[in-house]
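Coordinate analysis (summary)
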Amino acid sequence: MLAPFFVTAALALVTVALPEKRELAQVISSCTVPNTAALTFDDGPHLYTYDVVKALDAEDAKGTFFFNGDNMGCIYSEDNRAAIKHLYNQGHQVASHTWRHADLSKLSWDGVNEEMARVDTALHRIVGVKPRFMRPPYGSYNDVVRDVSAHRGQIIAIWDLDSRDSMGASPWESKQIYNEMVDRRPSTILALNHETYERTANDVLPHAIRRLKNAGYRLVTLAECLGEEPYQTVDRPQEPDDDWHC
């Protein structure tokens, strides 16, 4: 039988060895700056990235793009790198949507971290930024995802308006979703869209922009609608090398 001294010492060692509990990442689903609307776009870069940017730029609106690394195409392809640089230089925000669009709630801590780290690395290489915001695919997250996000210094961004374009909504249906939200006139709107659909880029988006602007909303980036900084760090873009592949 161990003497009390040794029992106490052993317990002390165990206590010292326990890791400090980390505060979980913040999860936001709405903007906070009055009279702002943030139009966000998931799953790119893809064929219609330039169309989305053109529609936004024509109305002096800003958007936020949650990029995958290898979902609809490799983020490192020459065309995709050019598209990301173009929209970033136009003042739009880039953010993380993970590497391959996996359901993060089904992955281990290391699996979630890899999904996030790979796309963060790609965005840092291409435009020189480390994103402050990430969006979990399908809006699916748990405490593991929140812990990894906190570890990586990122905020989890969801939404309060879903255009339902990824669920097969017709352009008319998506427009009605925007109309009904604008008619209710909430103080802010955080809208989910997908840049991977031609009907979103060239039909729904121009309508949404007009309706929101006519209702008096300022169309800003996600960071602006929250009064936050968009990036953790901003550096110079890097030059491609053999490590730039999917």
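Here the structure is a predicted model, which means the values were calculated and not measured. (Residues numbered from 1 in each chain as written. Predicted model: local features only at pLDDT ≥ 70, side-chain atom pairs only at ≥ 80, totals over all residues. Heavy atoms only, no water.)

1. A look at the overall build of the protein
When helices and strands are tallied, the protein shows eight helices and eleven strands. For the protein, the C-alpha atoms occupy an extent of roughly 80 × 50 × 30 Å along the three principal directions. Within the span of the protein, comprising 246 residues, buried residues form 47% of the whole. Residue pairs at least 24 apart in sequence account for 79% of intrachain contacts in the protein once pairs closer than 6 positions are excluded. Accessible surface for the protein amounts to roughly 12,000 Å². Of this, 50% is attributable to carbon and sulfur atoms. (Helix = DSSP H or I, 4+ residues; strand = E, 2+ residues; numbered from the N terminus. Buried < 20%, exposed > 50% of the residue type's maximum accessible area, 1.4 Å probe, protein only. Contact = heavy atoms within 4.5 Å. Areas by Shrake-Rupley, 256 points an atom, 1.4 Å probe, with all protein chains shown as cover.)

2. Remarks on the nonpolar core
Leu 39, Leu 56, Ile 75 and Leu 212 are the most contacted members of the largest nonpolar core, which totals 38 residues. Listing elements by their share of this core, those giving two or more residues are β2 (36–44), α2 (49–58), β3 (63–67), α3 (78–89), α4 (109–127), α6 (171–184), β9 (188–194) and α7 (198–214). Those residues in contact with Leu 56 that sit more than four places away from it in its chain are Leu 39, Phe 41, Ala 61, Lys 62, Gly 63, Phe 65, His 92, Leu 205 and Ile 209. One finds Leu 190, Leu 222, Ala 223 and Leu 226 within the second-largest nonpolar core, a separate group that totals 14 residues. (Core = buried A, V, L, I, M, F, W, Y, C linked by side-chain atoms within 4.5 Å.)

3. Focus on α2
For α2, every residue scored as buried is listed here: Thr 49, Val 52, Val 53, Ala 55 and Leu 56. Projected onto a plane normal to the axis of α2, the buried residues spread over an arc of 160 degrees and lie on a single side. Among the exposed residues of α2, those pointing more than 90 degrees away from its buried face are Lys 54 and Ala 58. In this structure, the buried residues of α2 make contact with β2, β3, α3 and α7. (Arc of directions from axis to C-beta.)

4. Side note on the side chain of Thr 36
Mapped onto the elements, Thr 36 comes out in strand β2. Using a relative accessible area of 0% as the deciding quantity, one classes Thr 36 as buried. Within the structure, Thr 36 has its side chain in polar contact with the backbone oxygen of Val 33 (distance 2.6 Å). (Polar contact = N/O pair within 3.5 Å; in protein donor to acceptor, adjacent residues only side chain to side chain.)

5. Examining the packing of α2 against α7
Running from N to C, α2 and α7 cross one another at 25 degrees; their axes reach a closest spacing of 10 Å. By the angle between their axes, α2 is roughly parallel relative to α7. Read as a crossing pair, α2 and α7 show a hand that is right-handed. Contacts between α2 and α7 pair Asp 51, Val 52, Ala 55 and Leu 56 from the former with Ala 201, Asn 202, Leu 205 and Ile 209 from the latter. The residue makeup of the contact of α2 with α7, split by class, is six nonpolar, one polar and one charged. (Axes fitted to C-alpha atoms, helices over the stretch in contact; angles between N-to-C directions. Parallel < 35°, antiparallel > 145°, perpendicular 65-115°, else oblique. Left-handed = near helix turned anticlockwise from the far one by under 90°. Nonpolar A, V, L, I, M, F, W, Y, C, P; charged D, E, K, R; others polar.)

6. Description of the UniProt feature "domain: NodB homology" (unreviewed entry) in the protein
UniProt records the feature "domain: NodB homology" (unreviewed entry) for residues 35–220 in the present numbering. Secondary structure within residues 35–220 divides into 44% helix and 20% strand; the distance between the first and last C-alpha atoms comes to 10 Å. (UniProt positions renumbered as here; feature names shortened; annotations may be inferred.)

7. Quick notes on unusual backbone geometry
Cis geometry is adopted by the peptide bond preceding Pro 45, which originates at Gly 44 and carries an omega value of 0 degrees. Mapped onto the elements, Pro 45 comes out in the loop between β2 and α2. Residues other than glycine seldom take positive phi values, yet Asn 35 does so here, at roughly 65 degrees. Its place among the elements puts Asn 35 in the loop between β1 (27–28) and β2. With relative accessibility at 35%, the residue Asn 35 sits in the partly exposed group. Even without a glycine there, the phi angle at Arg 185 is positive, about 50 degrees.

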